[in-house]
Structures are given as C-alpha cells and as structure tokens.
Amino acid sequence: MKYLMTQRPPLINPAFQLEFQVPRFVIVLLVAGLTAATSCRRSDRPQMVPVTGTVYHNGKLLEGATVGFMGSVGRPSSGITDALGRFRRSTCEEGDGAAIGQHVVTIIKAADPKVSPKKNPDGSYIFRSQAEQWAFYDREMLLPDRYSSAMMTDLSATVTEEGPNDFTFKMT
C-alpha cells in the first residue's frame, strides 16, 4: 500500500507512537539507570577522585538539581544538589567521585510530579494506570534547555588527581 507524502502510515504498535513523546526528564533517568548498570566492576574503573561543587541559578543557590559529569573515559557520574546548592559526585558508589580528565557538565531540575504514587519496599513506584505513570514522569523542566544537553551546554570541568575538585556553576 502506498501513502501520499502528507499521509501517515498506520501504526502497527500504538506504543511506538509514545516513544517520540517521552519527556526529556524520563530519558535522562533512563540513561542514568542504564549507565549505572555498566562499567562499575573495580577492574574496569578508571582512577576516581572525589568531586564536589555548588550550583547557582540567577544568583541563588539551586536545590534539587541533578548535576551530570560526562568525560571521555569511564561512565558518567551524577549527584543532586542539597538545600545549600552543594553536590557530591557519585559514579559507582556513593561519593566515589568522577574519573580524572575533562568533563562536559549538564544540570537539570524538574518540577515536582503531578501525582504521588505509592512505593514498593524496594523504592520502586506503584502506578495504578499508565496515565498516572505519565503524569508522574511528565514534568516541566525548570532550567533552560542549554544546560540539560551535553551537546548544548557550555559548562565543563577538569577533574585532576591533585585537586581540589570543588566546582562552582553559575547559570542564568
């Protein structure tokens, strides 16, 4: 069957349509989860050093933002800012830091979820419906797009063996 350029072919699997509507926040979580499952064997790890820092947005300390470091070796590291805008990098274990070298830095902060699903004992969420799941993950991004993408960000950090590896990021 042929389709005109203006016609859309029928979808075989309706879920296929959803993959193009996935919120960026969900994609970031999925990438973080997938990278968490790889490259954490001690024999595979590059040399790690502690990394900390502070994040400001429009001159104010930024709480609840996810700060990502992506270097040319090893897996990405991430951390969440506290009430004082401070973060501590973790790659494979809590607070283990980041690999030595140059890193592209991304910072994202999403609005609170629209729904509050129950949690299982393991911390995973219990959604009553797909609509509730989408409402939970479909969050407004609170920072400009340029900070959330490794391709667009102008934020970077050079992690050294000697340190100190305490970085300050000021966003507008």
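Residues numbered from 1 in each chain as written. Predicted model: local features only at pLDDT ≥ 70, side-chain atom pairs only at ≥ 80, totals over all residues. Heavy atoms only, no water.

**Section: the sheet that holds strand 5 (residues 77-80)**
Then step 1. In space, the four strands of this open sheet follow the order 5-4-8-11, with antiparallel pairing throughout. Only two strands of the sheet have a single neighbouring strand rather than two, namely strand 5 and strand 11 (156-159). In this sheet, neighbouring strand axes are inclined to one another by 25° on average, regardless of whether the strands run parallel or antiparallel.
Then step 2. Of the strand pairs in this sheet, strand 8 (residues 101-108) and strand 11 are connected by four bridges, and their pairing is antiparallel. If you follow His103 over to strand 11, its bridge partner there is Ala157. (Pairing = 2+ DSSP bridges. Helix = DSSP H or I, 4+ residues; strand = E, 2+ residues; numbered from the N terminus. Axes fitted to C-alpha atoms, helices over the stretch in contact; angles between N-to-C directions.)

**Examining unusual backbone geometry**
Then step 1. Put simply, Gly163 and Pro164 share a cis peptide bond, and its omega is -5°.
Then step 2. Within the element layout of this structure, Pro164 appears in the loop between strand 11 and strand 12 (166-171).
Then step 3. A positive phi angle, near 50°, is found at Asn58, a position not held by glycine.
Then step 4. Along the polypeptide, Asn58 turns up in the loop between strand 2 (52-57) and strand 3 (60-61).

**Description of the side chain of Thr106**
Then step 1. Its place among the elements puts Thr106 in strand 8.
Then step 2. Apart from the residues lying within four places of it in its own chain, the contact partners of Thr106 are Thr66, Val67, Gly68, Met70, Tyr147, Ser148, Ser149, Ala150 and Thr153. (Contact = heavy atoms within 4.5 Å.)

**Thoughts on the environment of Ala150**
Then step 1. Checked against the element boundaries, Ala150 lands in the loop between helix 3 (130-137) and strand 11.
Then step 2. By relative accessible area, Ala150 is classed as partly exposed at 38%.
Then step 3. For the pair Ala150 and Thr106, spaced 44 residues apart in sequence, the C-alpha to C-alpha distance is 6.1 Å.
Then step 4. When sequence neighbours within four positions are dropped, the list of residues in contact with Ala150 reads Met70, Val104 and Thr106. (Buried < 20%, exposed > 50% of the residue type's maximum accessible area, 1.4 Å probe, protein only.)

**Describing the packing of aromatic side chains**
The description of an aromatic ring pair rests on the distance of the ring centres and on the angle between the ring planes.
Then step 1. One pass over the full model with this rule turns up ten aromatic pairs.
Then step 2. Geometrically, the ring pair formed by Phe127 and Tyr137 is tilted, given 5.9 Å between the ring centres and 55° between the ring planes. Placement of Phe127 in the loop between strand 10 (125-126) and helix 3 and of Tyr137 in helix 3 is noted, with a sequence separation of ten residues between them.
Then step 3. Overall, the relative accessible area of 21% leaves Phe127 in the partly exposed class. (Phe/Tyr/Trp six-rings, centres within 6.5 Å; stacked < 30°, edge-to-face > 60°.)

**Examining the pattern of salt bridges**
Then step 1. Applying the stated criterion to the full structure yields two salt bridges.
Then step 2. In this structure, Asp166 engages Arg86 in a salt bridge whose closest nitrogen and oxygen atoms are separated by 2.9 Å. Of this pair, Asp166 sits in strand 12 while Arg86 sits in strand 6 (residues 86-88); the two residues are 80 residues apart in sequence, bridging distant segments of the chain.
Then step 3. Between Arg128 and Glu132 there is a salt bridge, with its nearest N and O atoms 3.1 Å apart. (Salt bridge = Lys/Arg side-chain N within 4 Å of Asp/Glu carboxyl O.)

**So, the confidence of the model for the protein**
Then step 1. In this model, the protein carries an average pLDDT of 79, and 70% of its residues clear a pLDDT of 70 or more.
Then step 2. The element-level mean pLDDT for the protein is lowest in helix 1 (residues 14-18), coming to 43, with strand 3 highest at 97.
Then step 3. Long-range and interchain partners of residues 1-21, a stretch whose pLDDT sits below 50, account for nine contacts in this model, where long-range means more than four residues apart. (pLDDT = per-residue confidence, 0-100.)

**What about the environment of Leu62?**
Then step 1. Residue position: Leu62 is located in the loop between strand 3 and strand 4 (66-71).
Then step 2. Sequence spacing of Leu62 and Gly85 is 23 residues, and the spatial spacing of their C-alpha atoms is 4.7 Å.
Then step 3. With residues near it in sequence (within four places) discarded, Leu62 still touches Val55, Tyr56, His57, Thr81, Asp82, Gly85, Ile107, Lys109, Leu143 and Met171.

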